[in-house]
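Per-entry structural report
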Amino acid sequence: AMLEVSRVPPLDLGRRLESLTSYPHGCVEQTVSAAFPQLFLGKLLELTPERQARVQTNVKAALERLRRFQATDGGFGYWPGDDDSADWATNYAGHFAVEAQKAGYLPPPGLLDQWTAFQRRRARSWMAGEGQAELVQAYRLFTLALAGAPELAAMNQLRERASLPVTAKWRLAAAYQLAGQPEAARALATRGPVTIQPYRELSVTYGSDLRDRAMVLEAVVLLGLAEHVGPLARGLSESLSKNQWLSTQETAYALRALSKATTDPRSEAKTAFSFEWAGGASTAVTSVSPIVERRLEIGKGAPRLVVRNTGTSTLYPRLVLSGLPAVGRETAAANGLAIDVQYLTP
């Protein structure tokens with residue numbers, strides 16, 4: 001059992017992180033999604049030395065694994081050994097590698113140099129197309145600006161498009177902010193809403209409205225637009241707290257954006273509470289972290305949990321139970337999936 005107490009709207013952090021790290025596939029998107037939120041986990045969660053060590057091991061392993069996805073042209077494919085680069089995978093993997101480097105990690109030698117050269121070529125030769133072409137280009141330009149190599153001519157070209165989609169507009173605004181052009185960033189920010197219409201894309205960027213709302217939240221935090229931060233953050237936290245399936249991208253982007261939106265280095269707020277578990281003594285907890293976790297041992301019977309708020313902030317407690325049923329007590333279940341198996345002799 002795990003007690004999770006948060007002074008920000010509940011994120012169901014433990015379950016969502018577990019869903020990322022236990023995902024059974026090894027494409028570049030999953031490799032990045034599993035490690036990306038861990039770069040910022042310390043801003044959300046009070047990390048024990050053991051967990052901090054695990055985070056470092058996981059991020060280093062993901063960076064090293066990226067070697068296997070990098071094609072000869074410098075971009076990244078979806079699967080190890082792919083000869084053809086995928087634009088969205090290249091944006092996503094490069095974004096992670098740049099942020100990891102900024103956090104003090106060392107990407108494999110040459111990986112970012114080759115990626116930057118690829119991104120520059122693609123940015124300069126870009127032409128409008130079908131699907132989410134503008135978002136792919138805006139994200140590419142954002143990653144270059146983040147890496148300290150902004151392509152201002154390509155940014156200006158994209159900005160002049162008459163009907164720039166909402167998510168692409170905010171990604172581009174963030175790129176201008178990172179490139180030291182706050183006036184251009186603010187001008188874009190005033191051109192339209194922050195609302196994303198519901199959708200789910202099964203190819204190209206594998207996106208959704210939740211993924212895009214996380215991107216917009218990251219942009220408004222970067223631009224300091226406090227009036228948009230609260231509603232977007234609450235919407236994302238509600239989505240994470242629901243008992244519904246989310247893609248790895250959705251979970252990773254949402255946790256990343258919320259880590260930026262819910263932490264304030266100047267804040268003096270503290271997470272303060274006490275708890276009693278299974279009739280044991282009261283344990284007092286005080287932390288500067290927005291989210292605190294405490295592991296609870298499960299014994300026989302029905303243990304009772306009491307949590308008392310001893311601080312001034314509103315707290316959201318959550319008890320997370322996980323385990324395996326006893327042998328012989330398993331229950332068959334199917335959630336939208338049916339399998340018909342036939343064994344045939346030659």
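The structure contained in this document is the topic of the report that follows. Everything quoted here is computed from the prediction, not taken from an experiment. (Residues numbered from 1 in each chain as written. Predicted model: local features only at pLDDT ≥ 70, side-chain atom pairs only at ≥ 80, totals over all residues. Heavy atoms only, no water.)

**Some details on the overall build of the protein chain**
Counting its secondary structure elements, the protein chain contains 13 helices and six strands. A principal-axis box enclosing the C-alpha atoms of the protein chain has dimensions of 70 × 65 × 40 Å. Taken over 346 residues, the protein chain has a buried fraction of 47%. Just so you have it, the protein chain exposes about 17,900 Å², and 52% of that area is on carbon and sulfur atoms. Computed over 38 positive and 33 negative side-chain charges, the separation of the two mean positions in the protein chain equals 5 Å. (Helix = DSSP H or I, 4+ residues; strand = E, 2+ residues; numbered from the N terminus. Buried < 20%, exposed > 50% of the residue type's maximum accessible area, 1.4 Å probe, protein only. Areas by Shrake-Rupley, 256 points an atom, 1.4 Å probe, with all protein chains shown as cover. Lys, Arg positive; Asp, Glu negative; His and termini not counted. Charge placed at Lys NZ, Arg CZ, Asp CG, Glu CD.)

**A look at the packing of helix H12 (residues 226-241) against helix H13 (residues 248-261)**
H13 packs onto H12 with a crossing angle of 140 degrees between their chain directions and a minimal axis gap of 10 Å. It follows from the interaxial angle that H12 and H13 lie oblique. By crossing handedness, the relation of H12 to H13 is classed as left-handed. For the pair H12 and H13, the contacting residues are Val 229, Ala 233, Leu 236, Ser 237 and Leu 240 in the first and Ala 254, Leu 255, Ala 257, Leu 258 and Ala 261 in the second. Along the lines of polarity and charge, the residues of the contact of H12 with H13 split into nine nonpolar, one polar and no charged. (Axes fitted to C-alpha atoms, helices over the stretch in contact; angles between N-to-C directions. Parallel < 35°, antiparallel > 145°, perpendicular 65-115°, else oblique. Left-handed = near helix turned anticlockwise from the far one by under 90°. Contact = heavy atoms within 4.5 Å. Nonpolar A, V, L, I, M, F, W, Y, C, P; charged D, E, K, R; others polar.)

**Points about helix H10 (residues 182-189)**
Along an α-helix, residues three or four positions apart point the same way, because every turn accommodates 3.6 residues. Ala 184, Ala 185, Leu 188 and Ala 189 are the residues of H10 that are buried. Buried residues of H10, seen end-on, are gathered within an arc of 140 degrees and therefore sit on one face of the element. (Arc of directions from axis to C-beta.)

**A closer look at the sheet that holds strand E1 (residues 2-6)**
Strand order in the open sheet made by the three strands is E4-E1-E6, with antiparallel pairing throughout. Of all strands in the sheet, those with a lone pairing partner are strand E4 (291-295) and strand E6 (316-320), marking the two edges. The sheet shows a mean angle of 15 degrees between the axes of neighbouring strands, taken without regard to direction. By the bridge criterion, five bridges tie E1 to E4 in an arrangement that is antiparallel. Looking at the pairing, Leu 3 lines up with Arg 294 of E4. (Pairing = 2+ DSSP bridges.)

**Overview of the pattern of salt bridges**
Summed over the entire model, instances satisfying the criterion amount to 16 salt bridges. Among the ionic pairs, Arg 140 bridges to Asp 87, the shortest N-O distance being 3.4 Å. Linking Arg 140 in helix H7 (residues 133-146) with Asp 87 in helix H5 (residues 87-102), this pair joins segments that are 53 residues apart in sequence. By relative accessible area, which is 23% here, Asp 87 ends up partly exposed. The salt bridge involving Glu 218 is made with Arg 171; its shortest N-O contact spans 3.4 Å. Of this pair, Glu 218 sits in helix H11 (residues 209-223) while Arg 171 sits in helix H9 (residues 166-178), and the two are 47 residues apart along the sequence. Accessibility expressed as a relative area gives 8% for Glu 218, which makes it buried. Look at the salt bridges and you will find they share partners, linking Glu 99, Arg 171, Glu 218 and Arg 256 into a network. (Salt bridge = Lys/Arg side-chain N within 4 Å of Asp/Glu carboxyl O.)

**Observations concerning the nonpolar core**
Membership of the largest hydrophobic core comes to 85 residues, with the highest contact counts inside it found for Leu 66, Phe 96, Trp 170, Leu 172 and Leu 217. When residues of this core are assigned to their parent elements, the largest contribution, ten residues, is made by H7. With residues up to four places along the chain from it excluded, the contact list for Phe 96 reads Val 32, Ala 35, Phe 36, Leu 39, Val 59, Ala 62, Leu 63 and Leu 66. Judged by nonpolar contacts, the second largest core, of ten residues, contains Val 5, Phe 273, Phe 275 and Val 285. (Core = buried A, V, L, I, M, F, W, Y, C linked by side-chain atoms within 4.5 Å.)

**Here we look at a nonpolar patch on the surface**
There is a patch of nonpolar side chains on the surface, built from Leu 337, Ile 339, Val 341 and Tyr 343 and spanning about 550 Å² of accessible area. Secondary-structure assignment places Leu 337 in the segment after E6. (Patch = residues over 30% accessible without salt bridge, like charges linked within 9 Å, V, L, I, M, F, W, Y side chains within 5 Å.)

**What about the pairing of strand E2 (residues 271-277)?**
Taken across its seven residues, E2 has six buried, putting it largely inside the fold. Pairing analysis gives five bridges linking E2 to strand E3 (residues 283-287), with the strands arranged antiparallel. Within E3, the residue paired with Ala 272 across the bridge is Thr 286. Linkage of E2 to E3, two consecutive antiparallel strands, is achieved through a turn of five residues, within which Ala 278 is found at a positive phi near 55 degrees. Two elements, E2 and strand E5 (residues 305-309), share five bridges in a ladder whose sense is antiparallel.

**A short note on the packing of aromatic side chains**
A complete count under the given rule lists nine aromatic pairs for this structure. Relative to Tyr 206, the ring of Tyr 78 lies with its centre 5.6 Å away and its plane at 75 degrees, an arrangement referred to as edge-to-face. Of this pair, Tyr 78 sits in the loop between helix H4 (49-65) and H5 while Tyr 206 sits in the loop between H10 and H11, and the two are 128 residues apart along the sequence. Using a relative accessible area of 34% as the deciding quantity, one classes Tyr 206 as partly exposed. (Phe/Tyr/Trp six-rings, centres within 6.5 Å; stacked < 30°, edge-to-face > 60°.)

**Some thoughts on the sheet that holds E3**
Taking strand neighbours across the sheet as the criterion, the three strands line up as E3-E2-E5 in an open arrangement whose pairing is antiparallel. Two strands in the sheet have a free side with no partner beyond their single neighbour: E3 and E5. Recorded for the sheet is a direction-independent mean angle of 25 degrees between the axes of neighbouring strands.

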